[in-house]
Every structure is written in structure tokens, then in C-alpha cells.
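Chain by chain, the residues:
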Amino acid sequence: MIIAPIISLLCLFLLKIDGILHSVLFVLSCMPVAVNAGILAQKFHASPQIVTKTILWTTLLSFIFLPIIIVWVH
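The structure presented is a predicted model; accordingly, all values stated were derived computationally and were not measured. (Residues numbered from 1 in each chain as written. Predicted model: local features only at pLDDT ≥ 70, side-chain atom pairs only at ≥ 80, totals over all residues. Heavy atoms only, no water.)

S.K.: Is there a simple way to explain the overall build of the chain in this structure?
M.R.: Along its length, the chain carries four helices and zero strands. Against the compact-globule benchmark of 11 Å for 74 residues, the chain has a radius of gyration of 14 Å, which places it well outside the compact range. Over its C-alpha atoms, taken along the principal directions, the chain stretches across nearly 40 × 25 × 15 Å. In the chain, buried positions account for 22% of the 74 residues. Taking the contacts inside the chain whose residues are at least 6 apart along the sequence as the reference set, 56% of them involve residues at least 24 apart. As displayed, the chain offers around 5,800 Å² of accessible surface, 77% of which is attributable to carbon and sulfur atoms. (Helix = DSSP H or I, 4+ residues; strand = E, 2+ residues; numbered from the N terminus. Rg over C-alpha atoms; globule rule 2.2 N^0.38 Å. Buried < 20%, exposed > 50% of the residue type's maximum accessible area, 1.4 Å probe, protein only. Contact = heavy atoms within 4.5 Å. Areas by Shrake-Rupley, 256 points an atom, 1.4 Å probe, with all protein chains shown as cover.)

S.K.: Sorry, what's going on with the packing of helix H1 (residues 3-14) against helix H2 (residues 20-29) here?
M.R.: Helix-helix packing is described using two parameters, namely the angle between the two axes and the distance between the axes. Two elements in contact, H1 and H2, have axes separated by 9 Å at closest approach and are oriented at 155°. As the angle between them shows, H1 and H2 are arranged roughly antiparallel. For the pair H1 and H2, the crossing hand works out as right-handed. Along the contact surface, H1 presents Ala4, Pro5, Ser8, Leu9 and Leu12, while H2 presents His22, Leu25, Phe26 and Ser29. Tallied by class, residues from the contact of H1 with H2 come to six nonpolar, three polar and no charged. (Axes fitted to C-alpha atoms, helices over the stretch in contact; angles between N-to-C directions. Parallel < 35°, antiparallel > 145°, perpendicular 65-115°, else oblique. Left-handed = near helix turned anticlockwise from the far one by under 90°. Nonpolar A, V, L, I, M, F, W, Y, C, P; charged D, E, K, R; others polar.)

S.K.: I keep staring at the nonpolar core and nothing clicks. Help me out?
M.R.: The tendency in soluble globular proteins is for nonpolar side chains to be buried side by side. If you look at the biggest cluster of nonpolar residues, it comprises seven residues: Leu12, Phe26, Val27, Cys30, Leu66, Ile69 and Val73. Residue assignment for this core shows that the elements contributing at least two residues are H2 and helix H4 (48-73). At three residues, H4 tops the list of elements feeding residues into this core. (Core = buried A, V, L, I, M, F, W, Y, C linked by side-chain atoms within 4.5 Å.)

S.K.: Teacher, can you tell me more about the environment of lysine 43 here?
M.R.: Following the sequence through the fold, lysine 43 ends up in helix H3 (residues 36-43). C-alpha separation for the pair lysine 43 and isoleucine 2, spaced 41 residues apart in sequence, amounts to 29 Å.

S.K.: What exactly am I supposed to notice about unusual backbone geometry here?
M.R.: Across residues other than glycine, the phi torsion is negative in most instances, and most of the peptide bonds are trans. The phi angle at histidine 45 is positive, at roughly 55°, despite the residue not being glycine. Here histidine 45 lies in the loop between H3 and H4. The residue serine 47 is not glycine, and still its phi comes out positive at about 60°. Examined against the element boundaries, serine 47 turns out to sit in the loop between H3 and H4. Residue serine 47 is classed as partly exposed on the basis of its relative accessible area of 37%.

In C-alpha cells form, the structure reads like this:
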């Protein structure tokens, strides 16, 4: 939730993307981990418990970080 936005800002800066596209891409990079990762981890027996815990915590943290980031980008 902290490293991804920093990397996103760096990539957006290097690609010289600005305006509304910059804001949209930045907010999307701050979203929690997708639930599809949990489904794939279960299917391929790749530690589904760790993946689902990551999904849970990033979703809970997004309730705090996303409003702040949206206000900051606006």
C-alpha cells in the first residue's frame, strides 16, 4: 500500500503522463490486491492462506489510504 504508489509515481513521471490519466492510473495503482489472486493461488496450490490474508489486509488498509490519495490527487 506504500511501495506501489511510490513506484507508480516514478513510472508516471518517467513516462511523462499527466492530467486526468495520471490521476486515474495513480489511484488504480493504490487499490488493494485483487481477489483473483486468491482464486489462482488456491487452484495452483500456491499458499492460498497467505494470498487471502494479503487481500484482507490490503482491502482494509485501502479504506484508510484511498480517500487520502484521491483527495491528494484531486
